[in-house]
Amino acid sequence: MKLLLASGSKSRAMLLNQASIPFNRITHTADEESISYDKPLSEIIPKIVNLKINHVALPPVEQFGDSILVLCADTMGSTPDGTIFAKPRDYHEIGRAHV
């Protein structure tokens, strides 16, 4: 069985490498900006997962065999009042999130 990382995140790749988990990186073409963040996190997360998994560039089955795991992840959280925090889009959002 092979693990395919559907993420461009350097930190996710670093974590897998540090844990000695072998993986291959694949790309996805999901437009994450198309997801509305006006619902609870418990409703948003499944939408993001479905969007990403439906837009991954899976390699030919001959390349890895019949059994693969696809890891697509996102960085999100919410406050007790329901305010949602997603990964910062740029340096300025990082500053605003930590003020």
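Everything below is about the structure printed above this text.
What counts, and where the lines are drawn
Residues numbered from 1 in each chain as written. Predicted model: local features only at pLDDT ≥ 70, side-chain atom pairs only at ≥ 80, totals over all residues. Heavy atoms only, no water. Pairing = 2+ DSSP bridges. Helix = DSSP H or I, 4+ residues; strand = E, 2+ residues; numbered from the N terminus. Contact = heavy atoms within 4.5 Å. Axes fitted to C-alpha atoms, helices over the stretch in contact; angles between N-to-C directions. Buried < 20%, exposed > 50% of the residue type's maximum accessible area, 1.4 Å probe, protein only. Core = buried A, V, L, I, M, F, W, Y, C linked by side-chain atoms within 4.5 Å.

(A) A look at the sheet that holds strand S2 (residues 24-25). Across the sheet, three strands lie side by side as S2-S1-S3; this open sheet has parallel pairing. Each edge of the sheet is formed by a strand with only one pairing partner; in this case those strands are S2 and strand S3 (68-71). Sheet topology places strand S1 (residues 2-5) next to S2; two bridges connect them, and they run parallel. Its bridge partner being in S2, Leu5 is matched across the sheet by Arg25. Sheet strands in contact with helix H1 (residues 10-18) are S1, S2 and S3, and its direction is about 155° off that of S1.

(B) How the structure looks around the side chain of Arg12. With respect to the helices, strands and loops of the structure, Arg12 is situated in helix H1. Arg12 gets classed as buried once you look at its relative accessible area, which sits at 18%. Leave out the neighbours within four places in its chain, and Arg12 touches Leu5, Ser7, Ala73, Asp74 and Thr75.

(C) The arrangement of the nonpolar core in detail. Ala30, Ile35, Leu41, Ile44, Ile48, Leu51 and Ile84 together form the largest nonpolar core, which totals seven residues. The contact partners of Ala30, leaving out residues within four places of it in the chain, are Leu51, Lys52 and His55. Counting residues in each nonpolar core, the second largest holds six residues, with Leu4, Ala6, Ile26 and Val56 among its members.

(D) Looking closely at the environment of Phe85. Counting through the fold element by element, Phe85 comes out in strand S5 (residues 84-86). Residue Phe85 is classed as partly exposed on the basis of its relative accessible area of 43%. C-alpha of Phe85 to C-alpha of Tyr37: the two residues are 48 residues apart in sequence and 9.4 Å apart in space. Residues contacting Phe85, with those up to four places away along its chain left out, are Thr75, Met76, Gly77 and Thr79.

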